[in-house]
Each structure stands twice: as C-alpha cells, then as structure tokens.
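Results of the structural survey
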Amino acid sequence: MKLQDIDIHFDVQTDSNGKDPDSASPTLKAYHQLLWSKPLPNGQEMKLEIEKNFLKWGDIWFGCDSITASFLHWRFPLKEYVEQHIPNFAEWKKDYWHKTYTIGGSIIFPMHPWSMNQARGCSVKICDRWDLTLECIRRFYAGEPTPLDKALEKDREFFNLFVDFKGYVDFFLLQDCVDENYNVKFALETPLFVSMPMPKTLEEYRMWIDSQIDFVTKRGRRIEEYIQKS
C-alpha cells in the first residue's frame, strides 16, 4: 500500500471482524503507518513499522485511538432519552459510526499501562472528549496542570518529539481543532475539567454529534490534501 492508496472514507469497522477497529483493523494500522512516517518537528524522522499487530518506532509501541465520542458506551444520563427521541435510532447510530470510524477520526498514542488512550477514556473529567484531551496536551506543553498529568508525564519523551503544541497539532493534521492562535476550540461550552462534562439536553447532544462528524470530515479532507501534496 502507498500513501496515495489511503481512502479517507474507508470505514475501518469493515475489516475488523466485529472487534474494536482501533486494535483489529489492519487497514487503520497501515494508514497510520503511511501518514505519520515522516520528519518530526525535532529533526528526527518517524518511520513506523507494523510488528506483532502493533505500530512501532524504535522503542515506542503505538496503539490506534478513535478521537470521537458518542458517549453511548458510558453511563450517560441522557442515553435512554436519546435512544427514545432520535428517529430510527439504530440506523442513526450505524450512520454515525460509519462516518466517524475513518482515518480522520483516529490518532496514535504510545501504548503502555495507563496510556493517554486509557486515561482519557477513564477520566470522569474528560469522558473521552477529544477537545478536552487536546486542551490537556496544550497545557502540558505550557507546564500547566491537567487531569491527564500522569499519562502525559509518562509520554513526555513522545511529546518532546513535536517540540511544542503547534508542532504536535501540525504533525497530526489537527488544525481544525484550534483557532489561528492555536487555542483549542471546544465543541461543548461546559466548564473545564468538571465531572461528567457531557451534553445535558437532546439539543446539546445533537450539536455534539454534528461537531464530531464535522471534525472528522474536515480532518479527512486535510489528510487528503496532505496526500495530494506529498
């Protein structure tokens, strides 16, 4: 497979045999290998390999991580209400996952106990929200405390590869998550780092889901533009 073979619309659920695509989709791993094997902001060059069904560079092992969230796997207070009030909910959910389980909705993190992938999914102050996760990463570079400090500190060597927050954002083509000054754009206007920062109404939930699809669409196009320029 070559970089130009990446299909930004490919649903990585289709080749994961009913398992979690983050770990089971060979296409997703191949796409990440091709996209991020390139020069790093610190002057090194990342050359990812696929070994023992994982991504690897040097001594660092990587796992794929979906960076969208429907909250439907959480103890989500609004969950039953959402299921009852969104018409054709099963088809709606299937369509959402089809649109977001693409390369635009995925990233890589170093893989180890209490990794960023695990920590952000287990923190009740993050709830798997990518905007809050990215704000934690921004503050980490700025030397400010966050709910993900333990995981971020474990991965300091990894984050040093990008020199600063701008380097991280630009490397992983995350510019649609920030404004022109590289301040994180939040999809929900909840207070920062409070417990269970989830939508409280059906309207907020719809806005959240629309923001997730919009982000994946924009990042997919950005990835496509990067491929064309390469």
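Residues numbered from 1 in each chain as written. Predicted model: local features only at pLDDT ≥ 70, side-chain atom pairs only at ≥ 80, totals over all residues. Heavy atoms only, no water.

**A closer look at the side chain of Ser106**
Counting through the fold element by element, Ser106 comes out in strand E4 (residues 106-110). For Ser106, a relative accessible area of 3% translates into the label buried. Not counting chain neighbours up to four residues away, the residues in contact with Ser106 comprise Leu28, His32, Cys64, Asp65, Ser66, Ile67 and Arg219. (Helix = DSSP H or I, 4+ residues; strand = E, 2+ residues; numbered from the N terminus. Buried < 20%, exposed > 50% of the residue type's maximum accessible area, 1.4 Å probe, protein only. Contact = heavy atoms within 4.5 Å.)

**A closer look at the nonpolar core**
Grouped together as the largest cluster of nonpolar side chains are 73 residues, with contacts concentrated most on Trp130, Leu134, Ile137, Tyr168, Phe172 and Leu174. Broken down by element, the residue count for this core peaks at nine residues, all from helix H10 (residues 202-229). Those residues within four positions of Leu134 in sequence are excluded, and the remaining contacts are Phe165, Tyr168, Leu174, Cys177, Val178 and Val184. (Core = buried A, V, L, I, M, F, W, Y, C linked by side-chain atoms within 4.5 Å.)

**Remarks on the environment of Leu202**
Topologically, Leu202 is positioned in helix H10. The spacing of Leu202 and Trp36 is 166 residues in sequence and 37 Å in space, taken between C-alpha atoms. Look past the residues within four positions of Leu202 in its chain and what remains in contact with it is Leu78, Tyr81, Val82, His85 and Ile86.

**A word on the pattern of salt bridges**
Scanning all chains against the criterion turns up ten salt bridges. Residue Asp131 pairs with Arg129 through a salt bridge whose shortest N-O separation is 2.8 Å. The burial state of Asp131 is the same as that of Arg129; both residues are buried. Each of the salt bridges in this network shares a partner with another, and the network as a whole consists of Asp65, Arg120 and Asp128. (Salt bridge = Lys/Arg side-chain N within 4 Å of Asp/Glu carboxyl O.)

**Side note on the packing of helix H4 (residues 89-100) against H10**
One can describe the packing of H4 onto H10 by two numbers: an axis separation of 9 Å at closest approach and a directional angle of 30 degrees. When the axes of H4 and H10 are compared, the pair comes out roughly parallel. Contacts from Trp92, Tyr96, Lys99 and Thr100 of H4 reach H10 at Tyr205, Ile209, Gln212, Ile213 and Val216. Across the contact of H4 with H10, the residue classes break down as six nonpolar, two polar and one charged. (Axes fitted to C-alpha atoms, helices over the stretch in contact; angles between N-to-C directions. Parallel < 35°, antiparallel > 145°, perpendicular 65-115°, else oblique. Nonpolar A, V, L, I, M, F, W, Y, C, P; charged D, E, K, R; others polar.)

Nothing here speaks to function; it is all geometry.
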